[in-house]
Amino acid sequence: MRGALRTAAAAALLLLTGGAAQGTQWQVQDAESVLEFDVVVNDVETRGRFPAFSGVGRFDPAAPQNSRLTLEIDAGRLDLGNPLASTFGRSVDWFDAEAHPTARFRLSDLQADPAGEDGRWLASGELELRGIVQPIQAPLVLVLDADRARAVGETIVDRALFGIGRGPTSLLIDVGREIRVRFDLSARPVDAR
């Protein structure tokens, strides 16, 4: 899950870094964004996605380390491509979406890429899944337009760190520990809507 969360976090962070004015507030646009992941299930790569998420944050180009973002992901809308698999993924042994309907990423630090590549950032923060919070970092690429910021990237998350895949059903199905999360997130200035 660390990867999936990193991905979401990275995407959200990239979106927020596009502020032209100091301290600009940005709103993540889920209808213009993609948050998906790949996981190996019984030796077969399976694609999943989170179709519903929201986020609001601030970016100060003069002090990017003070940027903040909270990205909330609707775990109850987890989509694994078919209704049976999606219900399984939301069950108590996996995402436990009934008890923990929202996954969260909170950005605490944003640093420019140490190699100096334009548009590349390293986001640090915390990811919360199933009520478990773990620190994460994610590299991001940011593309900016006049009224839109776009963050694109991918990362790896270790689902076991969040207690995902424990319990009786985990004995019936083999799910890889590493989840590759990909994101293409779009955000717009709050005052531009």
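These numbers were taken from a predicted model, which means no experiment stands behind them. (Residues numbered from 1 in each chain as written. Predicted model: local features only at pLDDT ≥ 70, side-chain atom pairs only at ≥ 80, totals over all residues. Heavy atoms only, no water.)

### Brief notes about the environment of V41
Topologically, V41 is positioned in strand β2 (residues 34-41). Separated by 132 residues in sequence, V41 and I173 have C-alpha atoms that sit 7.1 Å apart. Filtering out sequence-adjacent residues up to four positions away, V41 remains in contact with T46, I173, D174 and V175. (Helix = DSSP H or I, 4+ residues; strand = E, 2+ residues; numbered from the N terminus. Contact = heavy atoms within 4.5 Å.)

### Quick notes on the pattern of salt bridges
Within the structure shown, the criterion is met by twelve salt bridges. Between R49 and D79 there is a salt bridge whose closest N-O contact spans 3.3 Å. On the criterion of sequence distance, the pair formed by R49 in strand β3 (residues 44-49) and D79 in the loop between β5 (68-74) and α2 (83-90) is long-range, its members being 30 residues apart. Residue classification places R49 among the partly exposed residues on the basis of a relative accessible area of 40%. Judged by its relative accessible area of 25%, D79 is partly exposed. R180 is the partner of E154 in a salt bridge, and the nearest nitrogen-oxygen pair spans 2.7 Å. (Salt bridge = Lys/Arg side-chain N within 4 Å of Asp/Glu carboxyl O. Buried < 20%, exposed > 50% of the residue type's maximum accessible area, 1.4 Å probe, protein only.)

### Looking at the packing of aromatic side chains
For the structure shown, the criterion picks out three aromatic pairs. Ring geometry for F37 and F50: centres 5.5 Å apart, planes at 40 degrees, overall tilted. Separated by 13 residues along the polypeptide, F37 in strand β2 and F50 in the loop between β3 and β4 (53-59) bring together distant segments of the chain. F50 shares its class with F37; the two are buried. Here the aromatic residues F37, F50 and F95 are joined through ring pairs into a cluster of three or more. (Phe/Tyr/Trp six-rings, centres within 6.5 Å; stacked < 30°, edge-to-face > 60°.)

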